[in-house]
Amino acid sequence: MSDLRDLYQEVILDHSKKPRNYRRMEDSCSRAEGFNPLCGDQLVLFVKVASGIIQDISFEGSGCAISKASASMMTGAVKGKTLEEADRVFEHFHKMVTGQPGDPFDAEILGKLAVFSGVCEFPARVKCASLAWHTLKAALKGEGQQVTTE
Amino acid sequence: MSTLVKASAASAPGADPAAPFDVERVRKDFPILDQEIHHGKHLVYLDNAATSQKPQVVMDALGRYYGADNANVHRGVHRLSERATEAYEGARRRIRQFLNAGEDREIVFVRGTTEAINLVAHGWGRRFFKAGDRVVVSEMEHHSNIVPWQMLRDELGIELAVIPMDDEGQLELEGLEELLTARTKLVSVVHVSNALGTVNPVERIVQLAHARGVPVLLDGAQAVPHIGVDVRALDADFYVFSGHKLFGPTGIGVLYGKAERLEAMQPYQGGGDMIRSVTFEKTTYNVIPYKFEAGTPHISGAIALGEAIEWFRALDLAGVEAHERALLELATRRLREVPGVRIVGTAREKLGVVSFVMEGVHPHDIGTVLDLEGVAIRTGHHCAQPVMQHFKVPATARASFALYNTASEIDALVAALAKVREVFC
Ligand SMILES: Cc1ncc(COP(=O)(O)O)c(C=O)c1O
């Protein structure tokens with residue numbers, strides 16, 4: 001049976017109340033907006049990439065505890081990573097939140113993000129957990145184009 | 001005592017019209033309500049504005065139709081087809097009586113409220129609207145009464161004007177007369193708001209519009225499950241609702257239109273049943289309502305909706321109204337006592353809905369915690385984003401009631417909200 005604490009782990013509640021990297025970035029090299037029309041979550045993601053590495057990343061917006069915590073923890077997880085590494089983390093994260101309860105996941109790659117493993121028991125909340133990640137993907141796509149034109 | 005008497009007493013609580021409304025007895029008609037939804041948590045269904053549950057008689061009607069009467073309608077010479085046609089047309093008659101419409105042919109079967117409004121937009125709007133004409137809606141419409149008119153705006157160059165609402169969630173009718181210009185071709189407003197519960201003064205709106213010769217469409221999706229609606233007393237030109245919110249099946253709904261209005265409209269879809277004769281050169285259309293019922297209709301759905309309405313009308317409706325009013329008052333009072341809760345939509349006249357937000361907790365999180373306590377509510381924008389924009393909230397949590405809800409279910413809602421505070425505050 002799914003339990004409240006499987007979803008709302010302390011770490012998640014903490015990040016949702018005190019989101020990290022929660023600020024505008026005026027000199028970001030790319031930004032993207034994410035919107036979840038189902039629950040009205042929206043966020044703006046700011047990313048600074050140089051030499052294929054995410055130098056800085058921040059966000060702003062409003063949303064439920066899961067989407068806010070996910071955005072906050074994502075920024076921590078991908079900062080300083082190469083684009084390929086960030087992509088791989090997303091792949092694993094996505095697999096974890098859309099999988100079956102009890103499915104194994106790669107704790108090494110996911111690190112702290114493993115606290116979202118309970119999300120897969122709440123199908124209505126998967127979109128909340130993945131919104132920030134999809135937004136990051138969109139932002140990086142824009143960034144890729146910008147990089148090639150430079 | 002014979003078993004016969006017992007059986008009929010159990011299956012038809014409203015069979016005795018004098019029987020006062022008894023919520024526990026009515027709940028027995030809804031087997032779905034009696035279930036454990038999460039371990040140790042009994043279902044508390046407070047999402048009735050999204051869709052209502054179905055009484056046993058409605059499910060039986062579906063089974064009986066497919067088990068004994070299934071055939072296509074209006075087509076067969078055989079006995080079975082006659083029976084199916086009789087049952088289908090019988091449902092139309094029941095709906096006509098329910099709405100107190102003048103004639104059966106004023107009742108058009110559609111998929112639901114959404115399709116009914118789109119049908120009027122197509123059949124009436126595209127036929128009669130010209131660039132510069134105006135359609136008036138209100139600030140509290142469901143998207144289904146906004147988007148079809150916007151599509152016409154983009155296609156024909158008409159203009160969409162909006163009756164504003166105040167911060168209680170009540171329409172400001174003082175402005176309506178100014179909106180009703182010589183170019184206003186239709187007023188289309190919601191009878192009861194699904195996002196706020198506001199009951200709009202539709203009689204007055206119809207009067208004001210008719211005084212300027214403007215026809216009126218009323219979206220009754222959230223009205224018909226709660227109050228008796230008399231389309232002739234209202235003098236509505238069009239009245240629309242969905243069967244699934246009125247204890248009937250999904251996929252069936254109703255467009256009521258005054259006969260002369262329906263006759264003036266162009267058909268919506270072309271095909272079988274809606275024609276009188278077809279050659280490759282020319283088609284003559286069938287009479288109303290068949291002109292708008294192209295193709296094989298949702299026969300079983302219409303019949304089961306007729307059954308739902310019959311079931312509903314057999315209840316002590318004054319008792320139902322009193323029960324629901326008491327529930328809404330209780331819920332409003334109890335929710336106000338929960339720290340951090342703010343009710344969105346505080347109109348004087350309300351029905352069936354309490355929308356609220358809680359300080360520091362997103363509605364989506366409220367919804368998840370409540371669900372685990374067995375309490376089903378809806379969270380989000382309720383397909384009424386302009387309402388959310390007015391109240392400057394991204395979303396609300398919404399508890400919505402039906403006649404089978406009880407005071408102890410409101411206790412469960414309030415107790416579950418205490419749990420929300422435990423987790424988040
Ligand atoms: C006021 C109102 N109008 C229109 C609709 C749309 O109804 P349906 O989805 O059944 O077409 C709804 C239901 O969500 C509603 O509450």
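What you see as residue numbers is a count from 1 along each chain, following the sequence as written. Each chain takes a letter, starting from A, and each ligand takes a number, starting from 1, following the order in which they are written. At least 70 in pLDDT is required for a residue's local features to be given in this predicted model, at least 80 for side-chain atom pairs to be given and counted, and no such filter applies to totals for whole chains, interfaces and linings, which use all residues. Side-chain metrics rest on all non-hydrogen atoms present in the structure, leaving aside hydrogens and water.

Caption draft 1: How the structure looks around helix H3 (residues 65-78) of chain A. Its 14 residues place the ends of H3 of chain A 20 Å apart at the C-alpha level, agreeing with the 20 Å of an ideal helix rising 1.5 Å per residue. Only protein chains enter the accessibility calculation, which uses a 1.4 Å probe; a residue is then buried when its area is under 20% of its type maximum, exposed when over 50%, and partly exposed in between. In this text, helices come from DSSP runs of H or I with a minimum length of four residues, and strands from runs of E with a minimum of two, each type numbered from the N-terminal end. Where burial is concerned, most of H3 of chain A is hidden: 12 out of the 14 residues are buried. For a helix, the expected span equals 1.5 Å multiplied by the residue count minus one.

Caption draft 2: Broad picture of the interface of chain B and chain A. Only heavy atoms enter the contact rule, under which two residues are in contact if any of them lie within 4.5 Å. Counting from both sides, the interface comprises 15 residues of chain B and, opposite them, 22 residues of chain A. The term buried area means the drop in 1.4 Å probe accessible area that two parts suffer when joined, counted for both and summed. Taken together, the two surfaces of chain B and chain A that pack against each other cover about 1500 Å², and 63% of this comes from carbon and sulfur. For the chain B face of the interface with chain A, the top three residues by lost area are His364, Leu372 and Val423 of chain B, together amounting to 35%. Within 3.5 Å is the distance limit for a polar contact, defined as a pair of N or O atoms, with the added protein rule that one can donate a hydrogen and the other accept it, and that residues adjacent in sequence qualify only through two side-chain atoms. Applying the counting rule to chain B against chain A returns seven residue pairs in polar contact (both at pLDDT 80 or more). Those elements giving two or more residues to the side of chain B that touches chain A turn out to be helix H13 (363-372), strand E16 (378-380) and helix H15 (407-424) of chain B.

Caption draft 3: Fine view of the domain arrangement of chain B. Residues and elements named next belong to chain B. Segmentation of chain B into domains returns domain 1 (23-34 + 316-424) and domain 2 (59-313). Note that the domain bounds were set by an automatic or database domain assignment. Once you take the C-alpha centre of each, domain 1 and domain 2 turn out to be 28 Å apart. If you look at the interface, domain 1 gives 33 residues, while domain 2 gives 28 residues. Every case where a carboxyl oxygen of Asp or Glu lies within 4 Å of a side-chain nitrogen of Lys or Arg is listed as a salt bridge. Our count for the domain 1 to domain 2 interface comes out at zero salt bridges. Here domain 1 is connected to domain 2 by 16 residue pairs in polar contact (both at pLDDT 80 or more). For the side of domain 1 that touches domain 2, the secondary-structure elements that each account for two or more residues are helix H12 (317-336), strand E14 (353-358) and helix H14 (385-391). Counting residues per element, the side of domain 1 that touches domain 2 draws most heavily on H14, which supplies six residues. Following the grouping adopted for this structure description, the nonpolar residues are Ala, Val, Leu, Ile, Met, Phe, Trp, Tyr, Cys and Pro, the charged ones are Asp, Glu, Lys and Arg, and the polar ones are all others, Gly among them. Class assignment of the residues belonging to the side of domain 1 that touches domain 2 gives a composition of 18 nonpolar, eight polar and seven charged.

Caption draft 4: Looking closely at the sheet that holds strand E13 (residues 341-344) of chain B. Residue and element names in this part refer to chain B. Strand order in this open sheet of four strands is E13-E14-E17-E16, and the pairing throughout is antiparallel. Each edge of the sheet is formed by a strand with only one pairing partner; in this case those strands are E13 and E16. This sheet shows a mean twist of 30 degrees between the axes of neighbouring strands, independent of strand direction. Of the pairings in the sheet, the one linking E14 to strand E17 (residues 396-400) comprises four bridges and is antiparallel in character. Looking across to E17, one finds that serine 355 is bridged to arginine 398. A pair of strands is considered paired only if DSSP assigns at least 2 bridges between the two. Between the N-to-C directions of two axes lies an angle of 0 to 180 degrees, each axis being a line fitted to C-alpha atoms and, for a helix, fitted only over the stretch in contact.

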